[in-house]
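Here is how the chains run, residue by residue.
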Amino acid sequence: MTEKIKIQEVLVVEGKDDTVNLRRFYDVDTYETRGSAINDEDLERIEKLNNLRGVIVFTDPDYNGERIRKKIMTAVPTAKHAFLNRGEAMPKSKTKGRSLGVEHASFDDLQKALSGVLGNYDDENHFDISKSDLMRFGLLMGADSRKRREYLGEKLRIGYSNGKQLLKRLELFGITKAEVEEVMEGYKMKEEKDNGI
């Protein structure tokens, strides 16, 4: 058996199946929120763990996972976040049901999500994206804005954000205008290719 990769931070996951899957590959401690039932005590504990060792929020890429993530973001703004894309969190076999989850992810997908862990961004002054930039990139108020935001969230591995949340999420992860521009350039090329232009 090859040596498991040690993770210093505590991973915040939703349930024991997530822990089991992670421990197949990593020497890691997890904090389970028991699904979407996250309360003030959980948030206090997560904050304590974050102060001691750092935490990485690694919830499922679905509605409940996002809800938990948002609560933790508000209570523990310095927590780090790892994201799986929806396709990476799907059950590989039909017998596992339809739920998306960290428990279904392969080692490669877990590695991609965790190696891309983006810490929090403290320096306010370097954030250079405005609402008008987002409109120019078609991420707000356009016919296909939702599709564009989904693409952006997937490529930057920061998860999906609605129009209201996008600016905040980009700032949280210290994403630059140049990075957004690059991703949206890729989107434009993909669209042209898909439409045979």
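Going by an unreviewed UniProt entry, the chain carries the name Ribonuclease M5 and comes from Streptococcus troglodytae. In its Subcellular location (unreviewed entry) section, the UniProt record describing the chain reads: "Cytoplasm". The Sequence similarities (unreviewed entry) comment attached to the chain in UniProt states, word for word, "Belongs to the ribonuclease M5 family."

Let us look at the UniProt feature "domain: Toprim" (unreviewed entry) in the chain. Within this numbering scheme, the UniProt entry marks residues 8–91 as carrying the feature "domain: Toprim" (unreviewed entry). Within the segment residues 8–91, helix and strand shares are 43% and 17% respectively, and the terminal C-alpha atoms sit 28 Å apart.

For the rest of this paragraph, the subject is the pairing of strand S2 (residues 10–13). Here S2 shows a buried face lined by Val10 and Val12 and a second buried face lined by Leu11 and Val13. Sheet analysis places S2 next to strand S5 (residues 55–57), joined by three bridges and oriented parallel. When the bridges of S5 are listed, valine 12 appears paired with valine 57. The pairing of S2 with strand S4 (residues 30–32) spans three bridges and is parallel. Paired with leucine 11 across the bridge in S4 is threonine 30.

The residue methionine 141 is not glycine, and still its phi comes out positive at about 60 degrees. Summarising the element assignment, methionine 141 is placed in the loop between helix H5 (131–136) and helix H6 (145–156). The exposure class of methionine 141 is exposed, given its relative accessible area of 73%.

Per the stated rule, a full pass over the model turns up four aromatic pairs. Arranged with centres 5.2 Å apart and planes meeting at 45 degrees, the rings of phenylalanine 25 and phenylalanine 107 form a pair that is tilted. Taken as a pair, phenylalanine 25 in helix H1 (residues 16–25) and phenylalanine 107 in helix H4 (residues 107–115) lie far apart in primary sequence, 82 residues in all. Their ring planes at 65 degrees and their centres at 5.1 Å tell us that tyrosine 151 and tyrosine 187 sit as a pair that is edge-to-face. With tyrosine 151 in helix H6 and tyrosine 187 in helix H8 (residues 177–194), this pair connects stretches of sequence that are 36 residues apart. The burial state of tyrosine 151 is the same as that of tyrosine 187; both residues are buried. Linked through ring pairs, Phe25, Tyr26 and Phe107 together constitute an aromatic cluster. Between the NZ or CZ atom of arginine 69 and the centre of the ring of phenylalanine 83, over which it lies, the distance is 3.8 Å.

By the assigned domains, the chain splits into domain 1 (5–115) and domain 2 (131–195). Between the C-alpha centres of domain 1 and domain 2 the distance comes to 24 Å. The interface is formed by 13 residues belonging to domain 1 together with nine residues belonging to domain 2. Roughly 820 Å² is buried in total at the junction of domain 1 and domain 2, and carbon and sulfur atoms are behind 52% of that figure. Three residues, Met73, Phe83 and Asn85, lead the burial of domain 1 against domain 2; their summed loss comes to 57% of the area buried on that side. Its salt-bridge partner being arginine 169, residue glutamate 66 comes within 3.0 Å of it at the nearest N-O pair. If you list the elements that add at least two residues to the side of domain 1 that touches domain 2, you get helix H3 (63–75) and H4. With four residues, H3 is the single largest residue contributor to the side of domain 1 that touches domain 2. For the side of domain 1 that touches domain 2, the residue count by class is five nonpolar, two polar and six charged.

About the criteria used
Residues numbered from 1 in each chain as written. Predicted model: local features only at pLDDT ≥ 70, side-chain atom pairs only at ≥ 80, totals over all residues. Heavy atoms only, no water. UniProt positions renumbered as here; feature names shortened; annotations may be inferred. Helix = DSSP H or I, 4+ residues; strand = E, 2+ residues; numbered from the N terminus. Buried < 20%, exposed > 50% of the residue type's maximum accessible area, 1.4 Å probe, protein only. Pairing = 2+ DSSP bridges. Phe/Tyr/Trp six-rings, centres within 6.5 Å; stacked < 30°, edge-to-face > 60°. Lys NZ or Arg CZ within 6 Å of the ring centre and 35° of its normal. Domains from an automatic or database assignment. Contact = heavy atoms within 4.5 Å. Buried area = accessible area lost by both parts, 1.4 Å probe. Salt bridge = Lys/Arg side-chain N within 4 Å of Asp/Glu carboxyl O. Nonpolar A, V, L, I, M, F, W, Y, C, P; charged D, E, K, R; others polar.

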